[in-house]
Amino acid sequence: MSEQSKDVCDPNFAAEASNSEVHSSPEVPGGPSLPASQAAIFPGPESPPVGPPDAPLASPAPQAPSEEGDPKALQQAAEEGRAHQAPSAAQPGPAPPAPAQLVQKAHELMWYVLVKDQKRMIIWFPDMVKDVIGSYKKWCRSILRRTSLILARVFGLHLRLTSLHTMEFSLVKALEPEELDRVALSNRMPMTGLLLMILSLIYVKGRGARESAVWNVLRILGLRPWKKHSTFGDVRKLITEEFVQQNYLKYQRVPHVEPPEYEFFWGSRASREISKMQIMEFLARVFKKDPQAWPSRYREALEEARALREANPTAHCPRNSVSED
Amino acid sequence: MQGSTRRMGVMTDVHRRFLQLLMTHGVLEEWDVQRLQKHCYKVHDRNATVEKLEDFINNINSVLESLYIEIKKGVTEDDGRPIYALVNLATTSISKMASDFAENELDLFRKALELIIDSETGFASSTNILNLVDQLKGKKMRKKDAEHVLQKFVQNKWLIEKEGEFTLHGRAILEMEQYIRETYPDAVKVCTICHSLLIQGQSCETCGIRMHLPCVAKYFQSNSEPRCPHCNDYWPHEIPEVFDPEKEREAGISKSNKRSLRSRQH
């Protein structure tokens, strides 16, 4: 395959791989291609998700590795990769690594992506290379491919390149239906309620919400900027730093105002993950009113929903990590 | 090595959704895990009988085995609640935290961890931890900042705070037991009953053996004259109650009813 000769690892391949996600993986020659979205029962004798036939390597690797064959060696390789996080001295540039080591890297990358996603942090391609792939950069394409396959088969998640421009990946749920998980463990993620409260305030105002206004609303929940909360901890830090870091909120100084005041806006991640209709539903729930009690906002939400449906007739909506608490 | 003779479990969308949600929540108590399991069945396979949780998890773990990850079950040290988390077995470092924290923050955690392991009670005082701030790797950290970082650890369920002292959260023990035993082989304490890592527990004043509080509860259950299993001296501590999930659930329901009433009043 010609792509193997490329030195620079191109995140684009993952986009190609995931676009054909559901039905086949054309980049895996001869490998089993099982669409993850089928409620497929994996036949017992099928080789494990990271079996040998799955390895499109640059070199004709003669050995038939069984990665379970020597877990200790793999563990050492993992430790080296993790502990140093720099090109390992034992790997001279052009010599291709053993397939088992690429498999190990794919596992590490899988875990890395899962944890980043769990923390709602951005999965940034350069970070992936720096923190996990390291000296195996030349083979990152096959590593990424293998990781995507594992994530799809075992977790039902798609590793999708959401923005080539910023080189951001995200994990998108591949199972239908998507919205129901909110019900599973309700009331367990209070952070979500807090965030939705602030986002809906901003939305209803139609512009940025001053920090004072936000605190007026939070006071209703018993939250004060100076008081530590048993669940949220330092609330002010949470909303002005953590939510901002995660791109759910923007916290900016109001121009030309003295003494300085700050206001909140929706962050880019909130715009991506949370629909206006969800905000309307949240408001309806909290205030026990019909969403149409905010007529212009409701109209906006309807229009957005229609636009989204037209833009993505068959594809999944971006995974909404916030609503699925 | 077992290799190809290992029986591979079967992954369906029920299992996949379960894994997704378990990963999302990080660590869950057994009651929540059971609810989660039922929810996944409801979504994908309404008519199937819900498999016994232990078998369900073993099934998934047999698939995860080749990926060096596992759904691990543990027990909280203070009150014996069963907890579950998806853990990575391949690494022997505090890898799960690594993406969350800066170098100096990770080092603060390591320092706190050392103090906790070396302590007699399993707790390290805030003061003692903060005094080590000058020795941290990476960017210089002030004591004030270190206090915030410690709170971050508590919020993320790596540490528990009680009256100004810190110990390890059940989640941290679950995820890092291997790392801890390999890094501090001489300093770690082990429970005589279950042989797992022990941070908090009770110890015999005569011969020094230690037991987890839930292990004490189970071992001495309905024993009016508790004696040390090793030296047979009287066991000098109060015997805690065995964790009863039924009682827990009732207490939890009445608590959450009160909570939801309150929230409607605003």
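Scoring rules and cut-offs
Residues numbered from 1 in each chain as written. Chains lettered and ligands numbered in written order. Predicted model: local features only at pLDDT ≥ 70, side-chain atom pairs only at ≥ 80, totals over all residues. Heavy atoms only, no water. Helix = DSSP H or I, 4+ residues; strand = E, 2+ residues; numbered from the N terminus. Areas by Shrake-Rupley, 256 points an atom, 1.4 Å probe, with all protein chains shown as cover. Pairing = 2+ DSSP bridges. Contact = heavy atoms within 4.5 Å. Salt bridge = Lys/Arg side-chain N within 4 Å of Asp/Glu carboxyl O. Buried < 20%, exposed > 50% of the residue type's maximum accessible area, 1.4 Å probe, protein only. Axes fitted to C-alpha atoms, helices over the stretch in contact; angles between N-to-C directions. Parallel < 35°, antiparallel > 145°, perpendicular 65-115°, else oblique. Nonpolar A, V, L, I, M, F, W, Y, C, P; charged D, E, K, R; others polar. Phe/Tyr/Trp six-rings, centres within 6.5 Å; stacked < 30°, edge-to-face > 60°. Core = buried A, V, L, I, M, F, W, Y, C linked by side-chain atoms within 4.5 Å. Polar contact = N/O pair within 3.5 Å; in protein donor to acceptor, adjacent residues only side chain to side chain. Expected span 1.5 Å × (residues − 1). pLDDT = per-residue confidence, 0-100.

*Asks:* Would you take a moment to explain the overall build of chain A for this structure?
*Replies:* Secondary structure summary: chain A contains 12 helices and eight strands in total. Of the roughly 15500 Å² that chain A leaves accessible, carbon and sulfur atoms contribute 56%.

*Asks:* When you look at the pairing of strand 8 (residues 262-266) of chain A in this model, what are you seeing that I'm missing?
*Replies:* Remember that side chains alternate between the two faces of the sheet whenever the strand is regular. Residues and elements named next belong to chain A. Pairing analysis gives two bridges linking strand 4 (residues 209-210) to strand 8, with the strands arranged antiparallel. Among the inter-strand pairings, Arg210 is bridged to a residue of strand 8, identified as Glu263. As defined by bridge partners, strand 7 (residues 249-253) adjoins strand 8 across five bridges and the pair is classed as antiparallel. Within strand 8, the residue paired with Tyr251 across the bridge is Phe264.

*Asks:* Would you mind going over the environment of Leu115(B) with me for this structure?
*Replies:* Residue and element names in this part refer to chain B. When you line up the elements, Leu115 lands in helix 5 (residues 103-118). For the pair Leu115 and Thr167, spaced 52 residues apart in sequence, the C-alpha to C-alpha distance is 9.4 Å. Apart from the residues lying within four places of it in its own chain, the contact partners of Leu115 are Ala124, Asn128, Ile129 and Leu132.

*Asks:* How should I be thinking about the pattern of salt bridges in this particular structure?
*Replies:* A side chain of one charge can pair with a side chain of the opposite charge when the charged atoms of the two come close. In the structure shown here, the tally under the stated rule is 23 salt bridges over all chains. Between Asp134(B) and Lys140(B) there is a salt bridge, with the nearest N and O atoms lying 3.7 Å from each other. With respect to class, Asp134(B) is no different from Lys140(B); both count as exposed. The network of salt bridges with shared partners includes Lys276(A), Arg297(A) and Glu300(A).

*Asks:* In this structure, what is going on with the packing of helix 4 (residues 125-133) of chain A against helix 5 (residues 140-155) of chain A? I would like to understand it.
*Replies:* The description of two helices packed together rests on the angle between their axes and the distance between the axes. Residue and element names in this part refer to chain A. Between helix 4 and helix 5, whose axes approach to 12 Å, the crossing angle comes to 95°. If you check the angle between helix 4 and helix 5, you find them roughly perpendicular. Contacts between helix 4 and helix 5 involve Phe125, Met128 and Ile133 from the first element and Cys140, Ile143 and Leu144 from the second. Looking at the contact of helix 4 with helix 5 residue by residue, the class counts come to six nonpolar, no polar and no charged.

*Asks:* I tried to follow the packing of aromatic side chains on my own but got confused; where do I start?
*Replies:* Given two aromatic rings, their pairing is described by the distance between the two centres and the angle made by the two planes. Residue and element names in this part refer to chain B. The full count for this structure, using the stated rule, is nine aromatic pairs over all chains. An angle of 90° between the planes, with centres 4.9 Å apart, marks the rings of Phe18 and Phe56 as edge-to-face. Of this pair, Phe18 sits in helix 1 (residues 13-25) while Phe56 sits in helix 3 (residues 53-64); the two residues are 38 residues apart in sequence, bridging distant segments of the chain. For the pair Phe18 and Phe56, a shared accessibility class is recorded, and that class is buried. Ring centres 5.7 Å apart and planes at 45° place the aromatic pair Phe220 and Trp235 in the tilted group. Taken as a pair, Phe220 in the loop between helix 9 (213-219) and helix 10 (245-264) and Trp235 in the loop between helix 9 and helix 10 lie far apart in primary sequence, 15 residues in all.

*Asks:* What is the right way to read the nonpolar core from this model?
*Replies:* Grouped burial of nonpolar side chains is what soluble globular proteins tend to show. In terms of nonpolar packing, the biggest core is built from 52 residues, with Leu114(A), Val154(A), Phe155(A), Phe18(B), Leu19(B), Leu64(B) and Ile71(B) touching the most fellow members. Broken down by element, the residue count for this core peaks at nine residues, all from helix 3 (residues 99-118) of chain A. Not counting chain neighbours up to four residues away, the residues in contact with Phe18(B) comprise Val33(B), Leu36(B), Gln37(B), Cys40(B), Phe56(B), Ile60(B) and Ile71(B). By size, the runner-up hydrophobic cluster in this structure holds 36 residues, among which are Val214(A), Ile239(A), Trp294(A) and Ala301(A).

*Asks:* Which parts of the structure should I look at to understand the side chain of Asn61(B)?
*Replies:* Residue and element names in this part refer to chain B. The topology assignment puts Asn61 in helix 3. Taking relative accessible area as the criterion, Asn61 reaches 12% and is therefore assigned buried. A polar atom in the side chain of Asn61 sits 2.7 Å from the backbone nitrogen of Ile71. Excluding its chain neighbours within four sequence positions, the residues that come into contact with Asn61 are Glu70 and Ile71.

*Asks:* Please clarify how the environment of Phe264(A) should be interpreted in this entry.
*Replies:* Residues and elements named next belong to chain A. Tracing the backbone through its elements, the reader meets Phe264 in strand 8. On the basis of relative accessibility, which here comes to 0%, the residue Phe264 falls in the buried class. Linking Phe264 and Gly208, residues 56 residues apart in sequence, is a C-alpha distance of 5.4 Å. In contact with Phe264, not counting residues within four places along its chain, are Ile202, Gly208, Ala209, Glu211, Val214, Ile239, Thr240, Leu249, Lys250 and Tyr251.

*Asks:* Explain the environment of Met11(B) to me, please; I cannot follow it from the model alone.
*Replies:* Residue and element names in this part refer to chain B. Within the element layout of this structure, Met11 appears in the segment before helix 1. On the basis of relative accessibility, which here comes to 1%, the residue Met11 falls in the buried class. The sequence separation of Met11 and Ser62 amounts to 51 residues, and the corresponding C-alpha distance is 9.9 Å.

*Asks:* Is there a simple way to think about the sheet that holds strand 6 (residues 165-168) of chain B in this case?
*Replies:* As a general point, the strands of a sheet are linked pairwise by backbone hydrogen bonds and lie either parallel or antiparallel. Residue and element names in this part refer to chain B. Pairing within the open sheet is antiparallel, and its three strands lie in the order 4-6-5. Looking at the sheet topology across the chains shown, the edges are occupied by strand 4 (124-125) and strand 5 (159-162). Sheet topology places strand 4 next to strand 6; two bridges connect them, and they run antiparallel. The residue bridging Ala124 from the neighbouring strand is Phe166, located in strand 6. Against the sheet, helix 5 engages strand 4, strand 5 and strand 6, with an angle of about 90° to strand 6.

*Asks:* What is the right way to read helix 11 (residues 276-287) of chain A from this model?
*Replies:* Residues lying three or four places apart along an α-helix face the same way, a consequence of the helix completing one turn every 3.6 residues. Residue and element names in this part refer to chain A. For helix 11, with 12 residues, the first-to-last C-alpha span of 16 Å sits near the 16 Å given by 1.5 Å per residue. Turning to helix 11, its buried residues number three or more, namely Met277, Gln278, Ile279, Met280, Phe282, Leu283 and Ala284. Directly after helix 11, the chain includes Lys288, whose backbone phi takes a positive value near 55°.

*Asks:* Is there a simple way to think about the sheet that holds strand 2 (residues 157-163) of chain A in this case?
*Replies:* Residues and elements named next belong to chain A. Sheet architecture is open: three strands sit in the order 1-3-2, paired in antiparallel fashion. In this open sheet, the two strands that pair with only one neighbour each are strand 1 (123-124) and strand 2. Of the strand pairs in this sheet, strand 1 and strand 3 (residues 168-173) are connected by two bridges, and their pairing is antiparallel. Bridging from a neighbouring strand, Trp124 pairs with Glu168 of strand 3.

*Asks:* So what exactly am I meant to see when it comes to the confidence of the model for chain B here?
*Replies:* Do not read the fine detail of predicted coordinates wherever pLDDT is low. Residues and elements named next belong to chain B. Per-chain confidence: chain B averages 84 in pLDDT, with 86% of residues scoring 70 or above. Low pLDDT, under 50, characterises residues 1-6; the stretch is placed with eight contacts to residues that sit more than four places away or in other chains. Across residues 259-266 the pLDDT falls below 50, and counting only partners more than four positions away or on other chains, this stretch makes three contacts in the model. Here the predicted complex carries an ipTM of 0.77, next to a pTM of 0.60.

*Asks:* I keep staring at helix 3 of chain A and nothing clicks. Help me out?
*Replies:* Taking 1.5 Å as the rise per residue, helix 3 of chain A with 20 residues should run 28 Å; its terminal C-alpha atoms sit 29 Å apart, in good agreement. Within helix 3 of chain A, 19 of the 20 residues are buried, leaving the element largely enclosed by the surrounding structure.

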